[in-house]
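Structural overview
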Amino acid sequence: MSNLTATQRLEIIRQKDRPTVNDYIPAIFHHFTEFHGDRRFGDDAAILAGIATLNSVPVTVIAQVKGRNLDENKKSNFSMPHPEGYRKALRLAKQAEKFHRPVICLVDTPGAFCGVDAEKRGQGEAIAENIMEFMTLKTPVISVVLGEGGSGGALALAVCDELAMLENALYSVISPRGFASILWKDPSREKEAADLMKITADDLMRFGVCDKIIAEPVGGAHCDPNLTADNISEYLMDAVARLSALDIDTLLNNRYQKFRKIGVFSE
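Now for a description of the structure that goes with this document.

The rules behind the values
Residues numbered from 1 in each chain as written. Predicted model: local features only at pLDDT ≥ 70, side-chain atom pairs only at ≥ 80, totals over all residues. Heavy atoms only, no water. Salt bridge = Lys/Arg side-chain N within 4 Å of Asp/Glu carboxyl O. Helix = DSSP H or I, 4+ residues; strand = E, 2+ residues; numbered from the N terminus. Buried < 20%, exposed > 50% of the residue type's maximum accessible area, 1.4 Å probe, protein only. Pairing = 2+ DSSP bridges. Contact = heavy atoms within 4.5 Å. Polar contact = N/O pair within 3.5 Å; in protein donor to acceptor, adjacent residues only side chain to side chain. Core = buried A, V, L, I, M, F, W, Y, C linked by side-chain atoms within 4.5 Å.

1. Some words on the pattern of salt bridges
Inspection of the entire model under this criterion finds 20 salt bridges. Between glutamate 216 and arginine 18 there is a salt bridge; the shortest N-O distance is 2.9 Å. Within this pair, whereas glutamate 216 is found in the loop between strand 8 (212-214) and helix 11 (225-244), its partner arginine 18 is found in the loop between helix 1 (6-13) and helix 2 (21-28), the two being separated by 198 residues in sequence. A relative accessible area of 4% places arginine 18 in the buried class.

Below is the structure:
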């Protein structure tokens, strides 16, 4: 499926029966226990966070929640987190650092919620604080883009030691719809924008942004969710073992260098 365009992949990841974190978490992890709230304002259903075991290794799981129907999407605000969601994620990440648990982030969002209330509660500040704190978090951080990785809403959970993407996932600094709205003043040109933006897993592997492409079944993850979950699990177990073997200074230096080289080019 490597010859598919970004537009075709966008259609695949928006299939209503594509697996979500509510499918992947029970298939990949054991003993998952959810934690709620940011200890400042409230809980955000767009981000699911807790502790679990991965192949008997204790880990912290932070995941953005997409729904499969209208009711599920309304509950999770269509996977667009509020600032309290990002603060909950940071609370769990700092707890993981304290107890030396690897952090696994599952990214799937069109972007952070941009409503008035979210802005009043410090949406930009919450995202910026996550980016800053995750950069120096003294424990392994692994992020997997499951579908849409849109804008700062995704980046807040994607400052990591390794970034993996499912084969059909997309990841960019702005959503294709937002790109079309700004560049052409026409959000209906979303698919045209997607093909111009170079945001597929293959593109980002070439740019050095993505570290691993996780295979999906022919037709997309929804065609065999169990196989997709197995592929994600296999990658995560390998990544956790490799990164946990590094001393903290090496881990942090590698993370710093990973982000320093993004965007480097030669003429």
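2. Let's talk about the pairing of strand 2 (residues 47-54)
Of all eight residues in strand 2, seven are buried; the element is thus mostly enclosed. Where strand 1 (residues 30-35) and strand 2 come together, four bridges link them in antiparallel fashion. Residue pairing for strand 2: histidine 30 is matched across the bridge by threonine 53. Judged from the eight bridges that link them, strand 2 and strand 3 (residues 57-64) form a sheet pairing that is antiparallel. In the strand pairing of strand 3, glycine 50 is matched with valine 61.

3. What to know about the environment of arginine 14
Relative to the assigned elements, arginine 14 resides in the loop between helix 1 and helix 2. We classify arginine 14 as partly exposed; its relative accessible area is 41%. Through-space distance from the C-alpha of arginine 14 to that of arginine 68 is 9.7 Å; in sequence the pair is 54 residues apart. Those residues in contact with arginine 14 that lie beyond four places of it in its chain are Glu148 and Glu190. Within the structure, arginine 14 has its side chain in polar contact with the side chain of glutamate 148 (distance 3.1 Å).

4. What to know about the side chain of glutamine 64
On the secondary structure map, glutamine 64 appears in strand 3. Residue classification places glutamine 64 among the buried residues on the basis of a relative accessible area of 1%. A polar side-chain atom of glutamine 64 sits 3.0 Å from the main-chain amide nitrogen of aspartate 108.

5. Here we look at the nonpolar core
Membership of the largest hydrophobic core comes to 62 residues, with the highest contact counts inside it found for Phe29, Ile62, Leu106, Phe134, Tyr171 and Leu236. Within the second largest apolar cluster, seven residues are counted, among which are Ile13, Leu170, Ala180 and Ile199.

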